[in-house]
Each structure stands twice: as C-alpha cells, then as structure tokens.
Amino acid sequence: MALEATKSYPGITSPISLDGPKPVDLKLSQKLEEAMGPHGVFESEAEMSHRMEVLHKINTLVREWIKDVSRQKNNYPEDKIDAFGGKVCTFGSYRLGVHTKGADIDTLCVAPRHVDRQDFFTSFLEILKTTPEVKDLRAVEEAFVPVIKMTFDGIELDMLFARLALPQIPEDIDLRDESLLKNLNEKCVRSLNGCRVTDEILHLVPNKHSFRMSLRAIKLWAKKKGIYSNAVGFLGGVSWAMLVARVCQLYPNAAPATLLHKFFMIIHKWNWPQPVLLKPLVHENKFNLTFPVWDPRVNTSDRFHLMPIITPAYPQQNSTFNVTLSTRSIMTEELKDGLDVVSKIYEGKEDWSVLFEPSNFFQKYKHYIVLTASAQEEDHYLEWHGYVESKIRLLVGNLERNPCIKLAHVNPTPLGPLNESDGKHLCRWFIGLTFVKIENQNQNVDLTFDIQSFTNTVHKHAYHINLMKDGMKVEIKHVKRKQLDLYVPQKVLLQSKKAAVAQEHRASFGSTTKTEAVQGLHHSRSDTELIRSNSMSFDLSEDVSQDAESSRDSVKSGTCPTSTNKEVINGDVRKVLTGSPVPSDSSMQSPNSKREASPTGSESPVKRSRSQDDQNLLCSSMHIDSSALSPSKKREGSPSGPNSLVKRAKSEKEASQSAVETPMNVDDITPLKQEEDSKVKNCKTVSNQHVKRLPSADVPDLMSPQTNQNLPVQVMPNKNIRLKLK
C-alpha cells in the first residue's frame, strides 16, 4: 500500500479512487466485451494481417518515391540516397488500437527537408495513380490540413504530409519530441499534430487495456446515438478518446465496466465551458517555439468555445471548435440517458445491449430539414459530398439564430438514394427542428432567409476554390415526420420506431427509481473526500415563461434530491440536475467561467462586469483580474467548504447574466422591424439568446453584408420555406 500511495499517476490532479476491480466489475466487463462483438467492433486476425500488409506496401512506395525525388533534385550519389529514410506513421483510431471492421487508417508521410509538399501532391500522386491497388484517389490540397484520400487494396487511407527540418529520417524517430517542430510551417505542424496527440494520449493513460475497451464502448455508443462527427458539430474520435482518457486518469485501477459508469456520471455533469485537460497548459518551452496555444486568458476568441477539450501535445488546441449550442445540448441529454442505462445494468435490471440501441432520431421531431447533395459523375460526387458535409454546421448555426427555433439536431449519418429515379450520386442529411412554443398562438415561421444564405455561401465558396463542376447541386426541403417515407428507407424508420418505443417503456419505469439508479455504483471513501459539489443557485425573475415553469415542475416530480441550475440554450430556460458531485480541478477552470464557491465581493479575483458597456469593452461577460492569470494559483478569500454556494443574484439583470452557462456575450434579440415581416410572420418576439462569435478565417460570417454582395457567380435559387405551427 505504501508503494501504491507514492506512485505517481498522469493527469493534472491526483486520482479520485485507487480501488481495484471487484468480481462484479470483472463479470460486467466480460459481458460488455461480448455485447460489443455483434456490432463489428473487433477485427479478426486475417483482417489485422491485411491492414499490416497494406501499411507495409504504402511505406515501401513512400521510401522509393523519396529516393526518386532525391535523384532528380540534387543528384545525390546512390550510396547516400538509401540513408535519407522516410516513413509512414499511423494515428487516430488505428494507432490507439480501437479501430473497427472496415474503418479507415489515418497515416502521415514523414519526409526529410529536401522533399517538399509540392512533390507530395504531384510526383507521389502520379505514382499512386499508376498503382493497381489504389482506387478512389483524390487530393484535397486546399483543406485546412491537406490530405490525399484513397482506397488501397480495399482499405481506406487518409494520408497527410510533413517535412521535417532533418537531413535524414531515422527509423525509430519519436514524433513527440518538441524539437522536431523547429523551422516548420503551420501546415506541417498541423499534420504532425495527429500523431503527436495520439502518442501523447497513450502515454498519459495508466492502463491501456482498460482505456481501449472503454473507448471502444463509448465510440460504439456515440455512433449508435448519432453524436459521433466532428464535421457537423458533435465530437470526433480524438475528442471522445480524450474524455475517456481523463476518466481513466481519475480511476487508474478500475475495470472497463466501472470506467463506463464513471464516464457517464462525470461527463454529463461537467461544468462547461470548463476545459478538459490531460496535462497542464504549456506556453513556454526550451526550444523557444511560438505557436499559439489554447488559453482564454490570452486569446479572446478562445472564450467563445462552448465545450473545450484540449489536446495534450504542444501546441495544445481545442478539438471541439465546431460544437454549437444545439449539439452540446443533444450530447448532454444522451450522456444523461447513458448514465441511467449503465446504472440499471449495475442493478441487474438491464443488459449492455440496451446501451447500444440505435437512436430514435426519425421519431423524435415533428419537422425536418432535408439537405440533398448530388452530382453527375462519381469523382465529382466524392469531392462534393465532403465539401457539403463540412458546411452543414453553418446551416445549423443559421437555424439556431432564428428566434423561433429552439434546437436544430442534425443526423451525422447521410442516407443514399431511395430509388433509381434519385440517381446514383446523391446523399441526404436530415436536421430535426424544435420550435419555441407560444401559448394559444398559431405561428408562421419563414426559414427562407436562413436557408438561402447557406446555399449562397456554399456555392460562392465552391466557385472561389475552383471546386464547382457542372451537375453539382444542393437542395433543401422541409418535410414533416409523416412524409419521411419519401426519403428514408422503411428499415431505418422501423428501427427508429422500435428505439422510440423502448425508450418510452424505460422512461415510464425509471421515473420512480431515479435515486436508486444514480446510486447504483457506490463511492469509496476516496470518492467522497476528493469529489467536490458543483451546485449553483440563482434567484431568477418571476416572469419566467410557462415552458420553464412546467419544466421545473417535471423535475420536482422526481425523487432525486438534487440541486438544480438554470441553463439558457437558445432561448430555452431548462433545469439541469447537478446533485451528483463532479471532480473539479482548479487548474481546469475556464478563466471566464464563474468560480465555484467564490465570494462576489471586491476581493474576488474574477469579477463579473456590471454593465453592458463593460461587456462590450471586454468582448466577454467576464472581467479577469491580473491576479487570476495563473489557473493553478490558489484563490485567496475563497471558502473551501464543500457546501459553500455562490451567493444569490439580487437583481433580475444579474440573474439573467448568471443563468448563462458560457462566458460569452449574450444579448436579447431586438424586436423585429416592419420590413422583416417576410422573414417571420405573426411570430411574437422571443427572448432568444445567441452567441456572438468572433470572425474566423475558416468559418464565414453569414450575417455580414459581404455574403450578399453581387458576385459573378451562378447561385442555385431556393424556394421559399414557410412553416405553419399550430
């Protein structure tokens, strides 16, 4: 025990519990592995050998290509050419050891300094075109991280390129070495970042076997629930991996089944935008590198991130930049449902197959937006599909800013053509809509402006990067749930109906046993000692909407004795359960989020600006004192008791500011003018709150006048889309 106590564990805090697995945990972990088997999570030995063979072939091609470039460029002698080296490294799910059947392999081509990126996208691309095993070859040189995509002998490959400032590439090179970043441009650093982050994650988890098994389960669950896609605003593979790695750091000796329960318990109650960190932020290094690092105290734009999960390798960046208010709300709800299911599994009331049931997306909403992308030729379709998918989050942002829309939920899995009349090269994405309800009022909602601005941006940018080809189209329609059979296969609709029925059945029996479900897995003494409560209390004004009051009554009807937070999401005031404690690390606090249990007096290092002018001046709803620059510095004058609460807001204005969970500027939408009646007809002005994001190079500002400029571009006309809600 003495050796165990003195052992150092990775992470920015010490573990919550060092307890090992109990027999019931090992038994449930075995059942978990068996439940994942039918879903194609594990590969056979033959499939794994085939992947190794493909990687060996592509590595040989890279080495021979580097030799050819060396001969042509500098006329090196043959005895030195073999020493230049070069290799192909893997990252992502394959490097983590959690890839599934049929999954692609993320690779990185590492070359010496005399081989540049232009050679990679010209001479190496020509070599791939003449290789018989290569199919579906396409280069995306204009991407944020330039990549060559291909199918090599039946295995999908994404290959990045990085040129190191070294004359030779040794076979045993360690890409985690920060000295390799010297004298590199940003594209090479971004390409290297995938391998560096993956290797760093594996280095920071205490038990790789438990981490991999838990991550396989979380990835399968996220895909089944439709919340696995970085492109459309959910979390990607690396983000889910970092969340699981953080839980593994807090419970280093736990079994996979225990880690799964702890994952849902901790992450669904996480105090966003408090960041998730696997190691402390590093600004200075011995190599004097000056790449930007995520830090809201330094970078103003970082204060607007809703769900920051920070990569552990330098330069540390936020991997969840695309998350929106809607996607965060959807993921939080799915995490809460996952906690209920796993708690019942520990009670013996459910089995693991329930956790991996598909989503009821096509039964969840009454109204849907159908986004169709099509092209005439297969090569054009592959490019157009990826391009439109990367822009979907802009459409979701447009819909979120509409005062009559409460939530926009995009299904990340596109569906192909339903029949032959649709054509071969076509795919459809579906966005479920929830509207703000106005009692005893019929609403006429006009979405024409939101959708037309999106289609204009998509087509104009496609022309700008020379991507647009004849036959490429984007069409957007509104359909009701009963009309989905015109676009969705019956098998998918039936699957969604079964999932909806099963969820309603579990909800009817779960309302009376909430307290027992949450306490299904008891805490050890170290849990209760190291977990700190995250409860907050606010006095809200009496003129809260009827929907918020009914939501409060529904929460009170449960038996779970928890404190509650008010969360304002796009105009919807909700109750958020916060009774279960969450580990809160002082070094993980967002410098703009409200500090737990900190006094509101003048001595507090973090002060909330008291006027709208102050907020406009600081570009944030929080003011940071100079004494708060160090995230790990102990706050003076802060009560340390576990039961200390934030003081109640004394005025309606302060309450409305405190109710906002994110450290951002949030303003009420001004009443609509007469000339804007064509956009929203007969729709009362809703006190909707939206985020003012700072301009970004890769995210066009759809609300700026520049999107309406008369450019010499042919834009697809879009029909008016108006909805009548009763």
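Note that the structure is predicted; figures quoted are calculated from it, not measured.

## Some thoughts on the environment of Pro275
Move 1: With respect to the helices and strands, Pro275 occurs in the loop between α10 (256-267) and α11 (325-347).
Move 2: Judged by its relative accessible area of 3%, Pro275 is buried.
Move 3: With 35 residues separating them in the primary sequence, Pro275 and Ile310 have C-alpha atoms 6.9 Å apart.

## Details of the confidence of the model for the protein chain
Move 1: Averaged over every residue, the pLDDT of the protein chain is 75; the share at 70 or more is 69%.
Move 2: Taken as a whole, residues 512-717 scores under 50 in pLDDT and shows 359 contacts with residues more than four places along the chain or in a different chain.

## With respect to the side chain of His99
Move 1: Looking at where His99 falls in the secondary structure, it is placed in the loop between α5 (93-96) and β2 (105-111).
Move 2: A distance of 3.0 Å separates the side chain of His99 from the side chain of Glu43, its partner in a polar contact.
Move 3: Ignoring sequence-local partners within four residues, the contact set of His99 consists of Val41, Glu43, Arg51, Ser93, Tyr94 and Arg216.

## Some points on the packing of aromatic side chains
For any two aromatic rings, the description comes down to two numbers: the centre-to-centre distance and the angle of the planes.
Move 1: A full pass over the atoms with the stated rule returns 19 aromatic pairs.
Move 2: Residues Phe120 and Phe161 carry aromatic rings whose centres are separated by 5.0 Å and whose planes lie at 25° to one another, so their mutual orientation is stacked. Taken together, the positions of Phe120 in helix α6 (residues 117-129) and Phe161 in strand β5 (residues 155-163) put the pair 41 residues apart, joining distant regions of the chain. Considered together, Phe120 and Phe161 belong to a single accessibility category, that of buried residues.
Move 3: With a centroid separation of 5.0 Å and an interplanar angle of 85°, the aromatic rings of Trp221 and Phe264 are classed as edge-to-face. In this pair, Trp221 sits in helix α8 (residues 208-224) while Phe264 sits in helix α10, placing the two residues 43 residues apart along the sequence.
Move 4: The exposure class assigned to Phe264 is buried, which follows from its relative accessible area of 0%.
Move 5: Ring pairing ties together the aromatic residues Trp65, Phe120, Phe121, Phe124 and Phe161, which thus form one cluster.
Move 6: Stacked on the ring of Phe144, the Lys or Arg Arg190 has its end atom at 3.9 Å from the ring centre.

## A word on the packing of helix α2 (residues 23-36) against α8
Move 1: Taken N-terminus to C-terminus, the directions of α2 and α8 make an angle of 45°; their axes are 11 Å apart at the nearest point. By the angle between their axes, α2 is oblique relative to α8. As for the relative orientation of α2 and α8, their crossing is left-handed in sense. Listed contacts from α8 to Leu32, Glu33 and Met36 of α2 are Met213, Arg216, Ala217 and Leu220.

## Topic: the pairing of β5
Move 1: In terms of burial, β5 is largely enclosed, as seven of its nine residues are buried.
Move 2: Looking at chain direction, strand β4 (residues 147-152) and β5 are connected through five bridges and run antiparallel. Of the residues in β5, the one forming a bridge with Thr151 is Glu156.
Move 3: Counting the residues between successive antiparallel strands, the hairpin from β4 to β5 contains two residues, one of them, Asp153, with a positive phi of roughly 55°.

## Focus: α6
Move 1: In this model α6 runs 18 Å from its N-terminal to its C-terminal C-alpha over 13 residues, within 8% of the 18 Å that 1.5 Å per residue would give.
Move 2: All of the buried residues in α6 are Arg117, Asp119, Phe120, Phe121, Phe124, Leu125 and Leu128.
Move 3: The inward-facing, buried residues of α6 abut α3 (45-74), β2, β3 (134-140), β4, β5 and α7 (186-204).
Move 4: Between a side-chain oxygen at the N-terminus of α6 and the backbone nitrogen of Gln118 the separation is 3.3 Å; the capping residue is Asp116.

## Side note on the sheet that holds strand β1 (residues 87-91)
Move 1: Read across the open sheet, the five strands follow the order β1-β2-β5-β4-β3; overall the sheet is mixed. At either end of the open sheet lies a strand with only one pairing partner, and these are β1 and β3. Strand-to-strand twist across the sheet, computed as the mean angle between neighbouring axes with direction ignored, equals 25°.
Move 2: Here β3 runs beside β4; their pairing, made up of five bridges, is antiparallel. Bridging across to β4, Arg138 finds its partner in Lys149.
Move 3: Lying on the sheet, α7 is in contact with β1, β2 and β5; it crosses β5 at an angle near 120°.

## So, the nonpolar core
Move 1: One finds Phe211, Trp221, Trp240, Phe263, Phe264, Trp352 and Trp384 to be the most contacted residues of the largest nonpolar core, which totals 111 residues.
Move 2: Once residues within four sequence positions are removed from consideration, Trp384 is found in contact with Ala373, Ser374, Val458, Ala462, Leu467, Met468, Met472, Lys473 and Val474.
Move 3: Within the second largest apolar cluster, 27 residues are counted, among which are Ile58, Phe120, Ile155 and Phe161.

## Quick notes on unusual backbone geometry
Move 1: Omega for the peptide link from Trp272 to Pro273 comes to 10°, which places this bond in the cis form.
Move 2: Note on placement: Pro273 falls in the loop between α10 and α11.
Move 3: Geometrically, the link from Tyr314 to Pro315 is a cis peptide bond, its omega value of -5° lying close to zero.
Move 4: As for its placement among the helices and strands, Pro315 is situated in the loop between α10 and α11.
Move 5: Phi at Asp153 takes a positive value of approximately 55°, unusual for a residue other than glycine.
Move 6: Along the polypeptide, Asp153 turns up in the loop between β4 and β5.
Move 7: Among the residues examined, Asp153 registers a relative accessible area of 31% and is labelled partly exposed.
Move 8: Positioned with a positive phi, Asn183 is a non-glycine residue whose angle comes to about 65°.
Move 9: Along the chain, Asn183 falls in the loop between β5 and α7.

## Structural notes on the pattern of salt bridges
Move 1: This structure, assessed with the given rule, holds 18 salt bridges.
Move 2: The shortest N-O distance in the salt bridge between Lys149 and Asp158 comes to 3.4 Å.
Move 3: Among the residues examined, Asp158 registers a relative accessible area of 16% and is labelled buried.
Move 4: Notably, a salt bridge pairs Asp340 with Lys336, separated by 3.8 Å at the nearest N-O pair. Of this pair, Asp340 and Lys336 both sit in helix α11, four residues apart, which is roughly one turn of that helix.

## Overview of the sheet that holds strand β7 (residues 405-410)
Move 1: Pairing is antiparallel across the open sheet formed by four strands, whose spatial order is β7-β8-β6-β10. With one partner strand each, in any of the chains shown, β7 and β10 (473-480) form the two edges of the open sheet. Adjacent strand axes in the sheet meet at a mean angle of 25°, parallel and antiparallel pairs treated alike.
Move 2: The pairing of strand β6 (residues 367-374) with β10 spans eight bridges and is antiparallel. Across the sheet, the residue bridging to Ile369 is His478, located in β10.
Move 3: Contacts from helix α13 (residues 378-400) reach β6, β7, β8 (426-435) and β10, with the element oriented near 10° to β8.
Move 4: Where helix α14 (residues 448-464) meets the sheet, its contacts fall on β6 and β10, and the angle it forms with β10 comes to roughly 160°.

What counts as what
- Residues numbered from 1 in each chain as written.
- Predicted model: local features only at pLDDT ≥ 70, side-chain atom pairs only at ≥ 80, totals over all residues.
- Heavy atoms only, no water.
- Helix = DSSP H or I, 4+ residues; strand = E, 2+ residues; numbered from the N terminus.
- Buried < 20%, exposed > 50% of the residue type's maximum accessible area, 1.4 Å probe, protein only.
- pLDDT = per-residue confidence, 0-100.
- Contact = heavy atoms within 4.5 Å.
- Polar contact = N/O pair within 3.5 Å; in protein donor to acceptor, adjacent residues only side chain to side chain.
- Phe/Tyr/Trp six-rings, centres within 6.5 Å; stacked < 30°, edge-to-face > 60°.
- Lys NZ or Arg CZ within 6 Å of the ring centre and 35° of its normal.
- Axes fitted to C-alpha atoms, helices over the stretch in contact; angles between N-to-C directions.
- Parallel < 35°, antiparallel > 145°, perpendicular 65-115°, else oblique.
- Left-handed = near helix turned anticlockwise from the far one by under 90°.
- Pairing = 2+ DSSP bridges.
- Expected span 1.5 Å × (residues − 1).
- Core = buried A, V, L, I, M, F, W, Y, C linked by side-chain atoms within 4.5 Å.
- Salt bridge = Lys/Arg side-chain N within 4 Å of Asp/Glu carboxyl O.

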